[in-house]
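Residues per chain are reported as follows:
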Amino acid sequence: MPGVLPDGETVPVDGSLPATATAAVGARGFGVYVHVPFCASRCGYCDFNTYTAAELGGGASREGYADTVLAELALAARVLGDNPPPRVDTVFVGGGTPTLLPADDLARILDGIDRTWGLAADAEVTTEANPESVTPESLKLLRAAGYTRISLGMQSASPGVLAILDRTHSAGRATAAALEARDAGFAHVNLDLIYGTPGERAEDFAASLEQVVAAGVDHVSAYALIVEDGTRLAARMRRGELAYPSDDVAADRYLAAEAALDAAGFSWYEVSNWARSDQARCRHNLLYWTGADWWGLGPGAHSHVGGVRWWNVKHPSAYAQRLAAGASPGLAREVLTVDEAHMEDVMLRLRLASGLPLAVLDAAGRAGAERALAGGLLAADEYAAGRAVLTVRGRLLADAVVRDLLP
């Protein structure tokens, strides 16, 4: 969760939403996101809303965090009131490092969500984890509590790359943790990779891909390194200690990922995500990408219900203080206009392998789609069937294609 939040209008103290927003909650699916803002140490590239113990000082702690989240859940239940979602389809616990919390606390949060709105019988329940923050025992406890999916931050198999990123786990720990998760009964295991780190060689990334495939996971996410202002990595680059990432190198790495993962039986379903099967796709993220509803619990968490999007105060202390006073932790919100909703729909759906119906585009957008087709950025067969679907080259230039399809 990036640290910079947009501006917006004030959220009512009681967190209430317009009746138009709550009239059909969950009609397109409903998820719950839980943000856990704690980390043992801060990675050099990280711009997320996370805090180490030293950064928190005495104002907030892990010990009471689960109770604070459950207090926001109770507020959410009051806000939705007579219009609760029909069920919770997905839960995603992210961070930060959620698994720094005791497994019992993560279990209590999940149980609270189930008691409040009811988990679907086939609900997908994910937690993120750093490889060094889990053990075979903790993984078994999480699986017994109802977690069905785990996403592990591997980033690289190269010790040198991990050192540049300020990752604290050893090069082999992520794949070992993935195997432990499978042994604990997790049906779905994801490994995250970052490519394009200064000093990373092509053979380093190839080795990372080989280890991911050998670990037997059913989902892989791979992201180009983004240098965020205010991070240690950005400061090192400004001082000339490290080179800035190369777009050409990033493109080469992406093509290497596509080739290796395709050969191993993975298929892309979103520009940065590959899965071995439809069942292995991250359903929670698909809710985001297809405009469904979700409630975000925790400091800095974003929510979206019926075209209204809001975000909580960032600092854990301020978040806890608002809830203790009986007030919403919401900092600000925005009501999406028709044009804004259309823009987001185009931007997000075009990143999916299912693509975007050409019928939703206006005349200028259709003309842009024709140019993208002629340039080899959209797949010809899907275009003939009425959909805009990115080719591999199109995925490398996805942002440019989006711009061409919008007014």
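Residues numbered from 1 in each chain as written. Predicted model: local features only at pLDDT ≥ 70, side-chain atom pairs only at ≥ 80, totals over all residues. Heavy atoms only, no water.

- Within an unreviewed UniProt entry, the label attached to the chain reads Heme chaperone HemW, and the organism entered is Micromonospora parva.
- Within the UniProt record for the chain, the comment given under Subcellular location (unreviewed entry) is "Cytoplasm".
- Its UniProt record, at the heading Sequence similarities (unreviewed entry), says of the chain: "Belongs to the anaerobic coproporphyrinogen-III oxidase family. HemW subfamily." (UniProt positions renumbered as here; feature names shortened; annotations may be inferred.)

1. Some words on the packing of aromatic side chains
Move 1: Under the counting rule described, the total for this entry stands at 9 aromatic pairs.
Move 2: Geometrically, the ring pair formed by Trp117 and Trp295 is tilted, given 6.5 Å between the ring centres and 45 degrees between the ring planes. Taken together, the positions of Trp117 in helix 4 (residues 103-117) and Trp295 in strand 9 (residues 293-297) put the pair 178 residues apart, joining distant regions of the chain. Like Trp295, Trp117 is buried.
Move 3: Members of the aromatic cluster, each reached through a chain of ring pairs, are Phe30, Trp117, Trp295 and Trp310.
Move 4: The aromatic ring of Trp268 is capped on one face by Arg395, whose charged end is 4.1 Å from the ring centroid. (Phe/Tyr/Trp six-rings, centres within 6.5 Å; stacked < 30°, edge-to-face > 60°. Helix = DSSP H or I, 4+ residues; strand = E, 2+ residues; numbered from the N terminus. Buried < 20%, exposed > 50% of the residue type's maximum accessible area, 1.4 Å probe, protein only. Lys NZ or Arg CZ within 6 Å of the ring centre and 35° of its normal.)

2. Considering the pairing of strand 6 (residues 219-224)
Move 1: Where strand 5 (residues 188-195) lies against strand 6, 6 bridges are found, and the strand directions are parallel. The residue of strand 6 that forms the bridge with Leu193 is Ala222.
Move 2: Each parallel crossover has a hand, and for strand 5 linked through helix 8 (residues 202-214) to strand 6 it is right-handed.
Move 3: Looking at chain direction, strand 6 and strand 8 (residues 273-275) are connected through 3 bridges and run antiparallel. Counted as the bridge partner of Val220 is Trp274 from strand 8. (Pairing = 2+ DSSP bridges. Right-handed = clockwise from strand over helix to strand, strands pointing away.)

3. Topic: the pattern of salt bridges
Move 1: With the rule as written, the count across this model stands at 20 salt bridges.
Move 2: A salt bridge links Arg115 to Asp111; its shortest N-O distance comes to 2.6 Å. On the criterion of helical spacing, the pair formed by Arg115 and Asp111 is a turn pair, its members being 4 residues apart in helix 4.
Move 3: Accessibility expressed as a relative area gives 70% for Arg115, which makes it exposed.
Move 4: Of the residues examined, Asp111 reaches a relative accessible area of 35% and is grouped as partly exposed.
Move 5: Taking the shortest distance from any N to any O, the salt bridge between Glu241 and Arg239 comes out at 2.7 Å.
Move 6: The class for Glu241 is partly exposed, based on a relative accessible area of 44%. (Salt bridge = Lys/Arg side-chain N within 4 Å of Asp/Glu carboxyl O.)

4. Some thoughts on the side chain of Thr197
Move 1: In this structure, Thr197 sits in the loop between strand 5 and helix 8.
Move 2: By relative accessible area, which is 3% here, Thr197 ends up buried.
Move 3: In this structure Thr197 touches Val161, Ile164, Leu165 and Leu225, once residues within four positions along its chain are discounted. (Contact = heavy atoms within 4.5 Å.)

5. Digging into the environment of Thr116
Move 1: If you trace the backbone, Thr116 turns up in helix 4.
Move 2: Sequence separation between Thr116 and Arg87 is 29 residues; the distance between their C-alpha atoms is 9.8 Å.

6. A short note on the packing of helix 3 (residues 65-80) against helix 12 (residues 316-324)
Move 1: Running from N to C, helix 3 and helix 12 point in directions that differ by 55 degrees, and their axes come no closer than 10 Å. Judged by the inter-axis angle, helix 3 sits oblique to helix 12. You can see that helix 3 and helix 12 cross each other, and the crossing is left-handed. Only Tyr319, Ala320 and Leu323 of helix 12 make contact with helix 3, whose side of the interface consists of Tyr65, Thr68, Val69, Ala71 and Glu72.
Move 2: Within the contact of helix 3 with helix 12, the residues separate by chemical class into 6 nonpolar, 1 polar and 1 charged. (Axes fitted to C-alpha atoms, helices over the stretch in contact; angles between N-to-C directions. Parallel < 35°, antiparallel > 145°, perpendicular 65-115°, else oblique. Left-handed = near helix turned anticlockwise from the far one by under 90°. Nonpolar A, V, L, I, M, F, W, Y, C, P; charged D, E, K, R; others polar.)

7. Side note on the packing of helix 14 (residues 363-374) against helix 17 (residues 398-405)
Move 1: Running from N to C, helix 14 and helix 17 point in directions that differ by 145 degrees, and their axes come no closer than 7 Å. Facing helix 14, whose interface residues are Ala364, Gly365, Gly368, Ala369, Arg371 and Ala372, helix 17 presents Val401, Asp404 and Leu405.
Move 2: When grouped by side-chain class, the residues that make up the contact of helix 14 with helix 17 number 5 nonpolar, 2 polar and 2 charged.

8. Observations concerning empty space enclosed by the protein
Move 1: The full count for this structure, using the stated rule, is 1 cavity of 30 Å³ or more.
Move 2: Counted as a void, the largest cavity has a volume near 30 Å³.
Move 3: Along its surface, the largest cavity is lined by Val11, Gly15, Glu72, Leu75, Trp295, Trp310, Asn312, Ser328 and Pro329.
Move 4: Of all elements in the fold, only helix 3 and strand 11 (308-312) reach the threshold of two or more residues within the lining of the largest cavity. (1 Å grid on protein atoms, 1.4 Å probe; cavity = no way out; pocket = protein on both sides within 12 Å on 5 of 7 lines; lining within 4 Å. Points joined across faces, edges and corners; volume = space filled by probe spheres on them.)

9. Digging into the confidence of the model for the chain
The predicted structure's coordinates, where accompanied by low pLDDT, should not be read in detail.
Move 1: Of all residues in the chain, 98% attain a pLDDT of 70 or more, and the chain-wide mean is 95.
Move 2: Across residues 1-5, confidence stays below pLDDT 50; counting only partners more than four residues off in sequence or on other chains, it has 24 contacts. (pLDDT = per-residue confidence, 0-100.)

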